Every structure is written in structure tokens, then in C-alpha cells.
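Now for the letters of each chain:
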Amino acid sequence: MANLKEIRNRITSVSSTMQITSAMKMVSAAKLKKAQDAITAMRPYAEKLTELLQNLSATLDGDVGGEFTTQRPVNNVLLVAITSNRGLCGAFNSNVIKAIKTRTDFYEGKNVEIYAIGKKGNDVLTKSCKITANKSAIFDQLTFENVALIAEDLTQKFLSGEYDRIELVYNQFKNAATQIVMTEQFLPLEPISATANSKSVDYIYEPQKEEILLALIPKSLKTQLYKGIRDSFASEHGARMTAMHKATDNATALRNQLKLTYNKARQAAITNEILEIVGGAEALKG
């Protein structure tokens, strides 16, 4: 059994760790509230924009989406890996990295490159994949305008023929304890056809439907990417808050166990001292 000094040092160390994880949990909880409000506020807009595009596309004939819907033989693929710049958030980053590797295996034999948004994903994937860009600085100033620049860059790479398919891989925010790894096709746009369950909405168009659709597509792509990054941002803080909560609970349990061990060792030491004193007294009597 370790001596009393070693146990006291371990108790002090665990208590310090517990204070750090508890503070990080509270910081993440505060940031999560803002990030959750942001993604909750923009989801209705993104969903309505998607619904509008679907209604427009379903009433048009032919290849109206132009270059955005061009289906080319898939030889060059770009995977946009959205992770975080910091760790200590459980399996948040590793789940995205695993999903990226799964997609890489799926496109075996093709030229697959990674467009990293987040330092953690970039650091790990650079060892096994080809990284074409690292946009980790976006989290320092996460605004729609800054994300729109990245969306325009991705769109240009597709329209120029540099890549035949672009996919987003990120964590979708469900709640503080649950994040769902999503893989979404960014470009080309998948053809949308009218279905029996689709809502038929009668719009008055000015100008023509085709012009409206071609104007909405770039905005929709920017919104899709912004929603993905916002989802990932909220998921990161939720994952970190949950991880720090579990770490605090584990540190508390370990500290309590160490205190129990310390008390038992201290009682044993006191008992030994009493026995030695009693034994000495008996020896003197004899």
C-alpha cells in the first residue's frame, strides 16, 4: 500500500483535475447555449429554402440546374471534413475522421482529396490523405459571409471540373449528449422529382422560374455549408460539455476512493503505533 504522503499527493492532484474539468464543463455549457440558439434559429430558414427549391425543380422540365446538376463520371472526389480546432470533446472528432476513412474506402481507386475545416481533422488526416486546403481559422469568426467564401471556393472547384463530386462530413447537433455523423452530397445537386407526397404550392413568379432557380442554387449551397458548420460547432460544445461532465464525475469517484484508502492507511498506522506503545509498556512491566 502506498504511504500516506503519496496518497495525499494523489488526492491533491485529482482534486485539481476535477476543478479544471468542472470549469471547462461550465464554459462549454455557456457556449453551447449560444451555438444551439444559432443553429435552431437558422434551421427553419434552411428547410424552407430547400422546400422552395424542391417545389420549383419539380415543376420544371429538363436540366434546369445548369452546371450545378451536371452528373459526370466520378473520378475526382473532394471530402469536406468539418471537425474542431480543440480536443477534449470525446469521440466528436474521431467519429468524423472514421466517416472520412469509410468514404475514402468507398471511393477506392478514385482520386480522393480532403478539404479540412477544423485543426483536429487536418492534423490526423494529413498523415493518410491528401489535404488540399485547411480552413481552421473559420471558427475564429464564424459568420455567414466568411462561410460563403468557402462555399464559393468549393462551387468553383466543381464548376471548373477539378472535382466530379463534393461531399460534406460533419456532426449534426441533436442534443448535448447526442451528435449524428452526417455525409451530405454538396455538388452536383441531386435531381429532384415530384412525388405523391410532395406539397403542391402555387407561386406567382417574377421573373421566370428558371431564373429564380439559378439564383437560389448558389444561396442554397452557401446555406447548406453554413448549417453544416453551425451544426458541427454546436455539437462540439455539447460533446465537450458531456465529456467534461463525465470526467468530473470520474474524478470525484476517484478522489472519494483515495480518501477512503487514505483513512484506512491512517487508521492502520495509528493502530500499529498503539500496539507498539502497549507492547513497550508491557515489556517495561515485565
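Whatever comes next refers back to the structure up there.
Residues numbered from 1 in each chain as written. Predicted model: local features only at pLDDT ≥ 70, side-chain atom pairs only at ≥ 80, totals over all residues. Heavy atoms only, no water.

**Q** Can you walk me through helix H2 (residues 92–106) in this structure?
**A** Residue pairs spaced three or four apart in an α-helix point in one direction, given the helix's 3.6 residues per turn. With 15 residues, H2 ought to run about 21 Å at 1.5 Å a step, and its terminal C-alpha atoms sit 22 Å apart, in line with that. For H2, the full list of buried residues reads Phe92, Asn93, Val96, Ile97, Ala99, Ile100 and Arg103. Looking straight down H2, one finds its buried side chains confined to an arc of 160°; they lie on one side. For H2, exposure combined with an orientation more than 90 degrees from the buried face picks out Lys98 and Asp105. Along its buried surface, H2 packs onto strand E1 (76–82), strand E2 (111–117), helix H3 (119–125), strand E4 (165–175), strand E5 (178–187) and helix H5 (209–285). (Helix = DSSP H or I, 4+ residues; strand = E, 2+ residues; numbered from the N terminus. Expected span 1.5 Å × (residues − 1). Buried < 20%, exposed > 50% of the residue type's maximum accessible area, 1.4 Å probe, protein only. Arc of directions from axis to C-beta. Contact = heavy atoms within 4.5 Å.)

**Q** Before we go on, may I ask you to explain the sheet that holds E4 in this structure?
**A** Two orientations exist for strands paired in a sheet by backbone hydrogen bonds: parallel and antiparallel. The mixed open sheet is built from 5 strands, whose spatial order is E3-E2-E1-E4-E5. The open sheet has two free edges, formed respectively by strand E3 (130–134) and E5, since each of these has just one partner strand. Within this sheet the neighbouring strands show an average axis-to-axis angle of 25°, counted without direction. H2 contacts E1, E2, E4 and E5 of the sheet and is inclined by roughly 150° relative to E4. Contacts between H5 and the sheet are confined to E1, E2, E4 and E5, with E4 contributing the most and set at about 45° to the helix. (Pairing = 2+ DSSP bridges. Axes fitted to C-alpha atoms, helices over the stretch in contact; angles between N-to-C directions.)

**Q** What's the story with H5 in this structure? I'm lost.
**A** Relative to the 114 Å expected for 77 residues at 1.5 Å per residue, H5 spans 112 Å between its end C-alpha atoms, a close match to the ideal helical length. Along H5, the helix axis deviates most sharply at isoleucine 217, where the bend reaches about 25°; the proline proline 218 sits within four residues downstream. (Bend = angle between axes of the 7 residues up to and from the residue.)

**Q** How should the packing of aromatic side chains be read in this particular structure?
**A** The geometry of an aromatic ring pair is captured by the separation of the ring centres together with the interplanar angle, meaning the angle of the planes. Enumeration over the complete set of coordinates arrives at 3 aromatic pairs. Ring geometry for phenylalanine 144 versus tyrosine 226: centroids 5.5 Å apart, planes at 85°, classification edge-to-face. Of this pair, phenylalanine 144 sits in helix H4 (residues 144–159) while tyrosine 226 sits in helix H5, and the two are 82 residues apart along the sequence. In this structure phenylalanine 144 comes out as partly exposed when scored by relative accessible area, which is 26%. For tyrosine 226, a relative accessible area of 13% puts it in the buried group. Its guanidinium or amino end placed over the ring of phenylalanine 158, arginine 72 lies 4.4 Å from that ring's centre, counting from NZ or CZ. The ring of phenylalanine 106 carries arginine 103 above its face, with NZ or CZ at 4.6 Å from the centroid. (Phe/Tyr/Trp six-rings, centres within 6.5 Å; stacked < 30°, edge-to-face > 60°. Lys NZ or Arg CZ within 6 Å of the ring centre and 35° of its normal.)

Functional significance is not addressed by these values, which are geometric in nature.
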